[in-house]
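Coordinate inspection notes
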Amino acid sequence: MTKDKKNKAAGRSRSRSWQEWRFWRSPVLMRKWVLFAVALLLAVIIVPKGGLIPASFSPGDIAPRDIKSPRDMLVEDIELTRAKRDAAARAVPLAYRYEPSAGVQAIERLERGLVFLSQRLEDVGLYPAEDLLPRLEADFGVPLTPEDYGPLLGLPLDRELVGQVNTLLKPLFERPIVASLQSFQDDRHSGIILLESDQERVPSPQWVERVISLNDALHDAEGHLAGLGTLKAVQQQVLLKLVQQQLRPNLVLDRQETEKRRLSASSQVTPVLFQIKKGEMVVREGERISADQILKLQVLRDSGRSSHTLQSAVGLLICIMLLIFVGFVFAQGNISKFNPDRRDLLFLGSVLVAHFILIKVSIFVSAGMGTVLSSIDAMTYYYAIPFALAAMLVRIVLNSETAFIVGICSAVLAGVLFGNSLLVAIYALVGSIVGAHGVRYCQQRTTLYRAGLWIGLTNVAMLIGLHLLTGRAADMQLLYRLGFGFAGGIISAVIVNGTIPLVESVFKYTTDIKLLELANMNAPVLRQLMIQAPGTYHHSILVGNLAESAAESIRANPLLARVAAYYHDIGKIRKPLYFIENTGGQRNKHDKLAPSMSALILTSHVKDGVDLARENKLGSELIDIIQQHHGTALIKFFYDRAKSLADPGVQQVDERDYRYHGPKPQTREAALIMLADAVEAASRTLADPTPARIQGMVKKLINNIFIDGQLNECDLTLRDLNEIAKSFTRVLSSSFHHRVDYPEPVHIVKAKSDGSDNAATHDKGNKVKNANTDRKSPAQTQDFEAVAAQGGSANLKYLREA
């Protein structure tokens, strides 16, 4: 093979390997593998139930410790139960299957063959000799030998003789015929039942008297044929042989049906049970173990360890896969916020598996505690298990819709784990929903413990309701359950509080608690932004105020909106002086640049911001918002300048070169940052920011962004946009308020009164200036982002008035 052929073969091999790798890494296949792995692990965890069970003993062994019954149990008396079931099986009558049509069909075959022979005697040429034997075998339904063939052809048959044979043999064939009359009579004394044409009946004594054995029937047939004097002895023997071949027992013992009925009767016998009371001493330390005690110990082992077979394990695996798969498909098709990626699936699977490992360990601990403290039922400890843990973690990290689906799945599986208990499933589901709701805006650590308190109170109420539902009287065990149920809520909050940092570290999530840490203005990136780009820093603070207020009005995440606003422009740290808010009155650097270069610098701050966010591990949520906060908006100022400078004879200016690279906002919080960024930038250009002018500017900007299609990929509604506009107007109107002049000292007022009218006029001008010390006239500033946001038709329709 030449070198070129080897290179081509190696290239094809690498291409094939890459395609196979891409296939196994495909999102669809990845979801299936995660689903199967989670279902398999959960099945392995759930199948072996039980706690601390006693060891295996043999009769005569010495008990190493005291063993008490942890609960009331019923023990089956195997020997007595077996005896009752055997008696029930013996009482079942034997099933005999009677087929009267068999004799009728035999007589018809015999008559058909004899009629054919009589017809051939009348007309010898009716059938050729070579076709006679197959035809006779077909009519009689039995094989014929050459020894039988000759005497049959010599029978002196006519219509009368055929009728005599039929008349003599028909009553015999219609009688019930058994193989052994003695066996039938013995079975009759034990009890028999007749099965005839899918009906069953008890035979009458008259019918039983008609039963005849097969040998007796053949003997009677021989006597009937001997009475036909026209037949020779050889011909009688041939006819008798035909009758013997046709005659079969039509009353037969159906052993399979009889065994089936006996098994059914045996299975309907309820086991004979004796009771073991809770706290009863099964065996004492140092005592020799008897056979009865071994039986009780076996029951204790079986109660704590279900004997699931491989078949039940596979069945559980299938059920778990269907539960998770159906829940996933339903949520993905009907819940807009449910769109988990690969990281989310791994997180959800890990949470479910870890949750049930914790539950299983808690079951073993509870069984051990029940053995040590016999005054408290071992099952009472189960109510302290943190069933709401999984839903709380998912709600903090992802969203409420996903937490609800996880809560349903974990509750159903918890019910399966606890012996298919519907009450446990309801208890776990209600606690999960309350816990997920309690941590919906987890902006403080105390929120977790407040949610845990509500879970505990809900558990208490649920236990009271379940106790009343079962109709049992109040006792000390109820008080223990209430206490452990309340503790279960607090335990859930404690575990979640300790687990959140681990989840943030392993899966790189940005939770509300992480956002609180990032909101610290002393964070390294924000301090760098404050020092190197103070104008951008101040702008980000104002955008945060606008976005947070708007997020509260549309029920988005206010904390995420505020923190994202703080970091959305950190990319301007790389080139701060190319952005007008950081120039400090210096000459504009864009005056000496081509419009295309200026647009390139402006768009680069998004990429620089994403790089800085990744370097500082801000999390995927903030990185996505930084990347999307300009969408694919047009930088109108430089686009218009490029068109004005372009030579008409040369290629036209491409609008795509003056747009941000996107993507467009995918979430409501990202869209809020885009809107707040544009509104805050444009508000700096207002010379007289009255509430009416602010409201007009805000609505015009939102309309421009909406018509430009920047909000097409997020789920903001027109109602949301209206609420956002009202929120922006309210915040900006409060920011641009006017203040009264402070009174001056008396001696200054007296000195001014002696001054000229020009001085008074000059003071009046200062008052106007003091009222707007932080404003610049439109001619003094060129905020290119504000110009880009305000670009568009002057005749655009505003949003509806509030």
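The model shown is predicted, which means the values in this text are computed figures rather than measured ones. (Residues numbered from 1 in each chain as written. Predicted model: local features only at pLDDT ≥ 70, side-chain atom pairs only at ≥ 80, totals over all residues. Heavy atoms only, no water.)

**A few points about the overall build of the protein**
The secondary structure content of the protein amounts to 33 helices and 10 strands. Across the 802 residues in the protein, those meeting the buried criterion constitute 43%. A separation threshold of at least 6 residues defines the contact pool for the protein, and within that pool the share at least 24 residues apart is 80%. Carbon and sulfur atoms provide 57% of the accessible area of the protein, an area that totals close to 42900 Å². (Helix = DSSP H or I, 4+ residues; strand = E, 2+ residues; numbered from the N terminus. Buried < 20%, exposed > 50% of the residue type's maximum accessible area, 1.4 Å probe, protein only. Contact = heavy atoms within 4.5 Å. Areas by Shrake-Rupley, 256 points an atom, 1.4 Å probe, with all protein chains shown as cover.)

**Here we look at the pattern of salt bridges**
This structure, assessed with the given rule, holds 19 salt bridges. For the salt bridge of aspartate 254 with arginine 97, the shortest nitrogen-to-oxygen distance reads 2.9 Å. Pair noted here: aspartate 254 is in the loop between β8 (251-253) and α12 (255-267) and arginine 97 is in strand β3 (residues 94-98), with a separation of 157 residues, a long-range link. The exposure class assigned to aspartate 254 is buried, which follows from its relative accessible area of 17%. Taking the shortest distance from any N to any O, the salt bridge between aspartate 611 and lysine 607 comes out at 3.3 Å. (Salt bridge = Lys/Arg side-chain N within 4 Å of Asp/Glu carboxyl O.)

**Remarks on the confidence of the model for the protein**
When pLDDT is averaged along the protein, the result is 79; 76% of the residues meet or exceed 70. Here helix α32 (residues 757-771) is the element of the protein with the lowest mean pLDDT, 43, and helix α24 (residues 558-567) is the one with the highest, 94. This model gives residues 16-24 a pLDDT under 50, and the stretch forms three contacts once residues within four places in sequence are excluded. This model gives residues 788-802 a pLDDT under 50, and the stretch forms 36 contacts once residues within four places in sequence are excluded. (pLDDT = per-residue confidence, 0-100.)

**So, the sheet that holds β3**
By definition, the strands of a sheet pair up through backbone hydrogen bonds, in either a parallel or an antiparallel sense. Taken together, four strands build an open sheet; the order of strands is β6-β5-β3-β8 and the sheet is mixed. On the outer flanks of this sheet lie β6 (199-201) and β8, each paired with one strand and no other. Going from strand to strand, the sheet's axes swing by 30° on average, the running direction of each strand aside. The sheet contact formed by β3 and strand β5 (residues 192-196) spans four bridges and is parallel. Looking across to β5, one finds that tyrosine 96 is bridged to leucine 194. Sheet strands touched by helix α8 (residues 181-190): β3, β5 and β8. Its angle to β3, the strand with the most contacts, is close to 130°. Set on the sheet, α12 makes contact with β3, β5, β6 and β8; between it and β3 the angle comes to about 145°. (Pairing = 2+ DSSP bridges. Axes fitted to C-alpha atoms, helices over the stretch in contact; angles between N-to-C directions.)

**Some details on the packing of aromatic side chains**
Tallied over the full model, the rule gives 13 aromatic pairs. Taken together, a centroid distance of 5.4 Å and an interplanar angle of 90° make the contact between tyrosine 96 and phenylalanine 184 edge-to-face. On the criterion of sequence distance, the pair formed by tyrosine 96 in strand β3 and phenylalanine 184 in helix α8 is long-range, its members being 88 residues apart. For phenylalanine 184, a relative accessible area of 1% translates into the label buried. Between phenylalanine 387 and tyrosine 427, the ring centres sit 5.9 Å apart and the planes meet at 90°, which makes this aromatic pair edge-to-face. (Phe/Tyr/Trp six-rings, centres within 6.5 Å; stacked < 30°, edge-to-face > 60°.)

**Here's the deal with the packing of helix α16 (residues 389-397) against helix α17 (residues 400-417)**
Contact geometry of α16 with α17 gives a least axis separation of 8 Å together with a crossing angle of 165°. Of the possible angle classes, the one that applies to α16 and α17 is roughly antiparallel. Relative to α17, α16 is oriented so that their crossing is right-handed. Across from Ala390, Ala391, Val394 and Arg395 in α16, the residues of α17 making contact are Ser400, Thr402, Ala403, Val406 and Gly407. Across the contact of α16 with α17, the residue classes break down as five nonpolar, three polar and one charged. (Parallel < 35°, antiparallel > 145°, perpendicular 65-115°, else oblique. Left-handed = near helix turned anticlockwise from the far one by under 90°. Nonpolar A, V, L, I, M, F, W, Y, C, P; charged D, E, K, R; others polar.)

**What to know about helix α26 (residues 620-628)**
Turning to α26, its buried residues number three or more, namely Leu622, Ile623, Ile625, Ile626 and Gln628. Here the buried face of α26 lies against α21 (512-518), α24, α25 (595-615) and α28 (668-683).

**Details of the packing of helix α23 (residues 534-553) against α24**
Closest axis-to-axis distance for the α23/α24 pair is 8 Å, and the angle between their directions is 160°. Comparing their axes, α24 and α23 come out roughly antiparallel. Between α23 and α24 lies a crossing whose hand is right-handed. In this structure, α23 contributes Ser540, Ile541, Val543, Gly544, Ala547, Glu548, Ala551 and Glu552 to the contact, and α24 contributes Pro558, Ala561, Arg562, Ala565 and Tyr566. Considering only residue class, the contact of α23 with α24 consists of eight nonpolar, two polar and three charged.

**Some words on unusual backbone geometry**
Along the chain, glycine 662 connects to proline 663 via a cis peptide bond; the corresponding omega equals 5°. Mapped onto the elements, proline 663 comes out in the loop between α27 (636-645) and α28. Positive phi values are uncommon outside glycine, yet arginine 555 reaches one of about 60°. Take arginine 555: it is sitting in the loop between α23 and α24.

**Focus: the environment of serine 683**
The topology assignment puts serine 683 in helix α28. On the basis of relative accessibility, which here comes to 1%, the residue serine 683 falls in the buried class. Remark: the alpha-carbon pair of serine 683 and methionine 697, spanning 14 residues in sequence, is separated by 7.7 Å.

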